[in-house]
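# Summary of the model geometry
Chain by chain, the residues:
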Amino acid sequence: MSQPLSLGYSPCPNDTFIFYALVHGRVPGAPAVKEVLLDIETLNGMAARSELDVVKVSFHALGHLLGDYCLLRSGGALGRGCGPLVVACESLDPGELAGLRVAIPGRRTTAALLLRLFAPGLERTVEMPFHRIMGAVRDGEADAGVIIHESRFTFQRYGLYRVLDLGEWWEQTTGHPIPLGGIAARRRLGAGEVGRLEDGLRRSVEYAHAHPAEVRGYVAGQAQEMDPEVMEAHIELYVNDYTLDYGGDGRAAIEELMTRAEREGVLPAGGPPLFL
């Protein structure tokens, strides 16, 4: 019997909701997988070292990985009204960001790329785990911070103000939904196995929607002390129709992000295609 594929994803509610059925053998015919739960920037680094067979990565990171990995058409995080926020201890004009110390949740996160595209002159970024950013801004370790995941629901509890919604800016300037993260698989797995993974992921999402009570315990266990209402809001926001399949609209959004990153010199131009 072949070894299970290593599958890396974050413990955030949207990911655990998506992958529950696949990981727990609820999707007949899907490839066997072994879960690796880590934060997104750690996963970006593991993918850069080709340490995982299948992995959730930031779309920014994916642009550097296309030699080894292809993008799956299902399982990703893409949508409207769900982009990263820039927050600070006081109300600021977004134009002031270029001169400030801004905390980012990792160099190759999509949040960091969006900030770069919005403010090309910004140079004083400070990398730290995403869950530390709100406290760091509150405590003066950074002048502002880019927050992701469930932080968009809780930043006001830290006395912080929203300076900029990078997703809103993206949507207004491109007309596209905001591409945040996708599921990448090693190209060497081949088209047959990649197709089975895509089908398995779609059916895993459908299973979670059909059996929410069964899934909830696993999601809550990984989310640890997250407020149940925040957990449910997180899933509702980040798991949507694009999670089942990007479709033409979603693919156009991803390609636009990659094109803009290439134009800024953030990503190499002329790389392999996104999909196998």
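Structure shown above.
Report on the accompanying structure. (Residues numbered from 1 in each chain as written. Predicted model: local features only at pLDDT ≥ 70, side-chain atom pairs only at ≥ 80, totals over all residues. Heavy atoms only, no water.)

### Side note on the overall build of the chain
Of the regular secondary structure elements, the chain holds twelve helices and eleven strands. In summary, the chain has a C-alpha radius of gyration of 18 Å against a globular reference of 19 Å for 276 residues, a match within 12%. Based on the C-alpha atoms only, the size of the chain along its principal axes is roughly 55 × 45 × 30 Å. Out of the 276 residues belonging to the chain, those deemed buried represent 55%. Excluding contacts between residues fewer than 6 apart, the proportion of contacts in the chain whose partners are at least 24 apart in sequence is 77%. For the chain, the exposed surface amounts to about 11700 Å²; the carbon and sulfur share of it is 48%. Within the chain, the 36 negative side-chain charges are centred at a point lying 5 Å from the centre of the 26 positive side-chain charges. (Helix = DSSP H or I, 4+ residues; strand = E, 2+ residues; numbered from the N terminus. Rg over C-alpha atoms; globule rule 2.2 N^0.38 Å. Buried < 20%, exposed > 50% of the residue type's maximum accessible area, 1.4 Å probe, protein only. Contact = heavy atoms within 4.5 Å. Areas by Shrake-Rupley, 256 points an atom, 1.4 Å probe, with all protein chains shown as cover. Lys, Arg positive; Asp, Glu negative; His and termini not counted. Charge placed at Lys NZ, Arg CZ, Asp CG, Glu CD.)

### With respect to the pattern of salt bridges
All chains considered together, the criterion is met by 16 salt bridges. Among the salt bridges present, the one from Arg 73 reaches Glu 198, with a minimum N-O distance of 3.2 Å. One end of the pair, Arg 73, is in the loop between strand 4 (69-71) and strand 5 (77-79); the other, Glu 198, is in helix 8 (residues 190-210), and 125 residues separate them in sequence. The class for Arg 73 is partly exposed, based on a relative accessible area of 27%. Between Glu 141 and Arg 132 there is a salt bridge whose closest N-O contact spans 2.9 Å. The exposure class of Arg 132 is partly exposed, given its relative accessible area of 36%. Here the residues in one salt-bridge network are Arg 80, Glu 171 and Asp 249, joined through shared partners. (Salt bridge = Lys/Arg side-chain N within 4 Å of Asp/Glu carboxyl O.)

### Points about the packing of aromatic side chains
Applying the stated rule across the entire model yields four aromatic pairs. When the ring of Tyr 9 is compared with that of Phe 19, the centres are 4.4 Å apart and the planes differ by 25 degrees; the resulting orientation is stacked. Here the residue Tyr 9 occupies a position in strand 1 (residues 5-9), and Phe 19 occupies one in helix 1 (residues 13-23), the gap between them amounting to ten residues. The class of Phe 19 is buried, set by a relative accessible area of 0%. (Phe/Tyr/Trp six-rings, centres within 6.5 Å; stacked < 30°, edge-to-face > 60°.)

### What about the pairing of strand 2 (residues 33-37)?
Here five bridges tie strand 1 to strand 2, and the two strands are oriented parallel to one another. Residue pairing in the sheet places Leu 5 in a bridge with Val 33 of strand 2. This β-α-β element, strand 1 to helix 1 to strand 2, shows right-handed connectivity. (Pairing = 2+ DSSP bridges. Right-handed = clockwise from strand over helix to strand, strands pointing away.)

### A few points about the pairing of strand 1
Of all five residues that make up strand 1, five are buried, and the element is covered over most of its length. Side-chain alternation along strand 1 places Leu 5, Leu 7 and Tyr 9 on one buried face and Ser 6 and Gly 8 on a second face that is also buried. Here strand 1 runs beside strand 3 (residues 54-58); their pairing, made up of two bridges, is parallel. When the sheet's bridge partners are listed, Leu 7 is paired in strand 3 with Val 54.

### Section: the sheet that holds strand 9 (residues 144-147)
Two modes of strand pairing occur in sheets, parallel and antiparallel, and in both the strands are linked by backbone hydrogen bonds. Taken in spatial order, the five strands line up as 8-7-9-6-10 in an open sheet, and their pairing is mixed. With one partner strand each, in any of the chains shown, strand 8 (125-127) and strand 10 (161-165) form the two edges of the open sheet. Going from strand to strand, the sheet's axes swing by 30 degrees on average, the running direction of each strand aside. (Axes fitted to C-alpha atoms, helices over the stretch in contact; angles between N-to-C directions.)

### Remarks on the environment of Val 266
Inspection of the secondary structure puts Val 266 in the segment after helix 12 (247-263). Taking the C-alpha atoms as reference, Val 266 lies 8.9 Å from Arg 116; in sequence the two are 150 residues apart. With residues up to four places along the chain from it excluded, the contact list for Val 266 reads His 60, His 64, Leu 113, Arg 116 and Ala 261.

### Observations regarding the packing of helix 1 against helix 8
At a minimum axis separation of 7 Å, helix 1 and helix 8 run at an interaxial angle of 110 degrees. Viewed along their axes, helix 1 and helix 8 adopt a mutual orientation that is roughly perpendicular. Here Phe 17, Ile 18, Phe 19, Tyr 20, Ala 21 and Leu 22 of helix 1 come into contact with helix 8, specifically with Gly 200, Leu 201, Ser 204, Val 205, Tyr 207, Ala 208 and His 209. Each residue belonging to the contact of helix 1 with helix 8 can be placed in one class, and the counts come to ten nonpolar, three polar and no charged. (Parallel < 35°, antiparallel > 145°, perpendicular 65-115°, else oblique. Nonpolar A, V, L, I, M, F, W, Y, C, P; charged D, E, K, R; others polar.)

### A few points about unusual backbone geometry
The phi dihedral of Ser 50 falls on the positive side, at around 55 degrees, and the residue is not glycine. Here Ser 50 lies in the loop between helix 2 (40-48) and strand 3. For Ser 50, a relative accessible area of 27% gives the class partly exposed. Of note in the backbone geometry, His 149 takes a positive phi value of approximately 55 degrees without being a glycine. With respect to the helices and strands, the residue His 149 is situated in the loop between strand 9 and helix 6 (151-154).

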